[in-house]
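Structural overview
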Amino acid sequence: METTLYLCQTCRMGQPVPDDGIVPGQRLLAAVSACNLPENVRLVPVSCLSACARGCAVALSRPGSWTYVQGGLTPQDADEVLGMARQFAASADGVVPWRERSALFRKNTIARIPPLPAKEDI
Ligand code: FES
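Now for a look at the structure at hand. (Residues numbered from 1 in each chain as written. Predicted model: local features only at pLDDT ≥ 70, side-chain atom pairs only at ≥ 80, totals over all residues. Heavy atoms only, no water.)

1. Regarding the nonpolar core
Core analysis: the biggest nonpolar cluster contains 23 residues, and L5, L28, V32, L73 and V81 have the highest contact counts within it. Counting only elements with at least two residues in this core, the list comes to β1 (3-8), α1 (24-33), β3 (56-61), β4 (67-73) and α2 (78-90). The greatest single-element share of this core, amounting to 6 residues, is contributed by α2. Apart from residues no more than four positions distant in its own chain, L73 is found in contact with M13, L28, R54, G55, C56, V58, V81, M84 and L104. (Core = buried A, V, L, I, M, F, W, Y, C linked by side-chain atoms within 4.5 Å. Buried < 20%, exposed > 50% of the residue type's maximum accessible area, 1.4 Å probe, protein only. Helix = DSSP H or I, 4+ residues; strand = E, 2+ residues; numbered from the N terminus. Contact = heavy atoms within 4.5 Å.)

Set out below in structure tokens:
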């Protein structure tokens, strides 16, 4: 099952828009886009994950799995984002064991959202 990495391209990290007009979220998007994505991961830029006060933000989602919203990211954290995505995609249900998460991942989880119920369970 494919994992979606939503990346907020409008994050400003609490700062005014820089003179060049390129906000930190756009810089992080450019850095992640320039890398090879992990297997079974697709990148989807979005405008605002409602985590604006928490640095750059991403969300990892997959049908049948927990969804994680992560903040505290900077434009320099492309490798961190891809590492998180790789671990998430390799997990059985979206839950990466705590001790296997990076410090940034552990410290900056904004929300984890349960999987949607299957149609037959509604
Ligand atoms: S602008 Fe990025 S979370 Fe709101």
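2. Digging into the environment of R12
Among the structural elements, R12 can be located in the loop between β1 and α1. When its relative accessible area of 41% is taken as the criterion, R12 is described as partly exposed. Sequence separation between R12 and Q26 is 14 residues, and the spatial gap between their C-alpha atoms is 9.0 Å. In this structure, R12 is in contact with V17, V23 and P24, ignoring residues within four places of it in sequence.

3. Here we look at the packing of aromatic side chains
Here the structure, examined in full by the defined rule, presents 1 aromatic pair. Ring geometry for Y68 and F105: centres 6.1 Å apart, planes at 85°, overall edge-to-face. Taken as a pair, Y68 in strand β4 and F105 in helix α3 (residues 103-107) lie far apart in primary sequence, 37 residues in all. When the ring centre of F105 is taken as origin, the NZ or CZ atom of R101, which lies over that ring, is 5.4 Å away. (Phe/Tyr/Trp six-rings, centres within 6.5 Å; stacked < 30°, edge-to-face > 60°. Lys NZ or Arg CZ within 6 Å of the ring centre and 35° of its normal.)

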